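Spelled out, the chains give:
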Amino acid sequence: MMYAFDGSSIDGSAYTDVVDLTHRVPAWLDSLISAWSTYGLGLFAVLMVVGWWRARRTGSGAALIALVVPLVVVLAFAVNSVLKLMVREDRPCQSLHVSPLEACPAPGDWSFPSNHTAIAAAAAVALFFVSRRIGHTALVAAGAMAASRLWVGAHYPHDVVAGFIVGALVASVTMIPLSRRPEDLAGRLETTPLRPLLRASAAGQDTAAERTSTPA
C-alpha cells in the first residue's frame, strides 16, 4: 500500500473554486491557458539562448553566467523532485474527486511542489543575473506558469507557491556566489574547447561595434 499526504485540508476549497471557475469561462480561454501550461516552458529555453547570445558579446564572464542558467534549472528540478518523493502528496484531482482541465495523473505522480513552477521560477531568477530586461520578462512568464498549473487543476495553490520558492531559492543560492567573480573561472575555460561558447568571434564583435557606431 502506498501512503500519501492529502493536501486538501490546506487549501482544497480554493482549488475547487478555481476548478468550478474553469467550467464557467469561455472555452477558448481554457484552451489558451492549457496550451501555456503544457508548452510554456519552451519560452524559458528561448530566453536562455537569447541571454547567452547577448552575453557572449559582453565578455566571457557574462557568457559563463548565462551558460550556467540551464544547469541551475536542472538542479532546481532535481531538488524539487526529491521534495516530491519526501512529501508524497496526492494530486488534488485524486483527493477531491473533481474533473479538472488537465487529465488526472496516475497515483504516485506526486503534487507537492509543482515541478513546472519550480523550473520557471529558477529560470526567471537565474536570468536576472544575465539581463534584468530578460529576467523581468521571465518573471512575468513564471508567474503565469504558476497560475496556469493551478487553473488546469494539476496542483493546489500551496503546491505552486512552494514550487516557486524552491526554484527561486536554488537559483539564488547558485547564482549569487558565481556572479561575484565569474571572470576567473571563465578565463580558465577560455583555454579549453568551450571558448566559442564564452566569447563571440572577432569578426562578430567588429560587426556589432560597427552597428553601434553607425549613425541612425
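All values derive from a computational prediction rather than experimental measurement.

Another aspect to go through is the overall build of the protein chain. For the protein chain, the count of helices and strands is 11 helices and 0 strands. Along the protein chain, helices and strands appear, N-terminal first, in the series α-α-α-α-α-α-α-α-α-α-α. Each of the 216 residues in the protein chain was classed as buried or not, and the buried ones make up 43%. Excluding contacts between residues fewer than 6 apart, the proportion of contacts in the protein chain whose partners are at least 24 apart in sequence is 80%. Of the roughly 11400 Å² of accessible surface on the protein chain, 67% is carried by carbon and sulfur atoms.

Time to look at a nonpolar patch on the surface. Together, F5, I10, V82, M86 and V87 give the surface a local cluster of nonpolar side chains, amounting to about 450 Å² of exposed area. Here the nonpolar patch gets 3 residues from one element, more than from any other, and that element is helix α4 (residues 60–87). Looking at the element boundaries, V87 is found in helix α4. Classification of V87 by relative accessible area gives partly exposed; the value is 31%.

Before going further, it helps to examine the confidence of the model for the protein chain. Predicted confidence across the protein chain gives a mean pLDDT of 85, with 82% of residues reaching 70 or more. In this model residues 202–216 is a low-confidence stretch, pLDDT under 50, and it forms 6 contacts with partners more than four residues away in sequence or in other chains.

Below, the discussion takes up α4. Counting along an α-helix, one turn takes 3.6 residues, and residues three or four places apart therefore face a common direction. Between its first and last C-alpha atoms α4 spans 41 Å; for 28 residues at 1.5 Å apiece the expected length is 40 Å, and the two agree. Of all the bends found along α4, the most pronounced is centred on V69 and spans about 30 degrees, while P70, a proline, follows it within four residues. One or two residues past the end of α4 sits R88, with phi positive at roughly 55 degrees.

Scanning the model with the defined rule gives 2 salt bridges in all. In this structure, the salt-bridge partner of D109 is R91, at a minimum N-O distance of 2.9 Å. One end of the pair, D109, is in the loop between α5 (92–96) and α6 (115–128); the other, R91, is in the loop between α4 and α5, with 18 residues separating them in the sequence. R149 is the partner of E102 in a salt bridge, and the nearest nitrogen-oxygen pair spans 3.0 Å. Taken as a pair, E102 in the loop between α5 and α6 and R149 in helix α7 (residues 132–151) lie far apart in primary sequence, 47 residues in all. Judged by relative accessible area, which is 23%, E102 ranks as partly exposed.

Before going further, it helps to examine the side chain of R91. Under the relative-accessibility criterion, R91 is labelled buried at 7%. Within the structure, R91 has its side chain in polar contact with the side chain of D109 (distance 2.9 Å). Within the structure, the side chain of R91 is placed 3.4 Å from the backbone oxygen of W110, a separation counted as a polar contact. The contacts of R91, once residues within four sequence positions are left out, are K84, P105, D109, W110, S111, A154 and H155.

Looking now at the nonpolar core. Formed by 29 residues in total, the largest nonpolar core has its most connected members in F44, M48, L127 and M175. Sorting the residues of this core by element identifies α3 (41–55), α4, α6, α7 and α8 (157–180) as the ones contributing at least two each. Considering every element that reaches this core, the biggest residue donor is α6, with 8 residues. Look past the residues within four positions of M175 in its chain and what remains in contact with it is I65, V68, V69, V72, A126 and F129. Core analysis: the second largest hydrophobic core is formed by 8 residues, Y15, C93, L150 and Y156 among them.

Cut-off values and rules
- Sequence order as written defines the numbering, with residues in each chain counted from 1.
- Where totals are concerned, whole chains, interfaces and linings use all residues; where local detail is concerned, this predicted model gives features only for residues with pLDDT of at least 70, and gives and counts side-chain atom pairs only at 80 or more.
- Heavy atoms from the whole structure form the basis of all side-chain values; hydrogens and water molecules are not counted.
- Secondary structure elements are defined from DSSP: runs of H or I of at least 4 residues count as helices, runs of E of at least 2 residues count as strands, and each element is numbered from the N terminus.
- Burial classification: accessible surface area is computed with a 1.4 Å probe over protein chains only, and a residue below 20% of its type maximum counts as buried, one above 50% as exposed, and the rest as partly exposed.
- The contact criterion used throughout is that any non-hydrogen atoms of two residues lie within 4.5 Å.
- Only the protein chains shown count as cover for residues, with accessible areas throughout obtained via the Shrake-Rupley method and a probe of 1.4 Å.
- Patch building starts from residues that exceed 30% relative accessible area and form no salt bridge, then joins like charges within 9 Å and nonpolar side chains (Val, Leu, Ile, Met, Phe, Trp, Tyr) within 5 Å.
- A pair is scored as a salt bridge if a Lys or Arg side-chain nitrogen falls within 4 Å of a carboxyl oxygen belonging to Asp or Glu.
- On a range of 0 to 100, pLDDT expresses the predictor's confidence in each residue.
- Multiply 1.5 Å by the residue count of a helix minus one, and that product is the helix's expected span.
- For a residue, the bend is simply the angle between two axes, fitted respectively to the seven-residue segment ending there and the seven-residue segment starting there.
- Under this definition, polar contacts are N or O atom pairs within 3.5 Å; protein pairs additionally need one hydrogen-donor-capable and one acceptor-capable atom, and for neighbouring residues in sequence, both atoms have to be side-chain atoms.
- Only buried residues count toward a nonpolar core, which is a set of Ala, Val, Leu, Ile, Met, Phe, Trp, Tyr and Cys residues joined through side-chain atoms within 4.5 Å.

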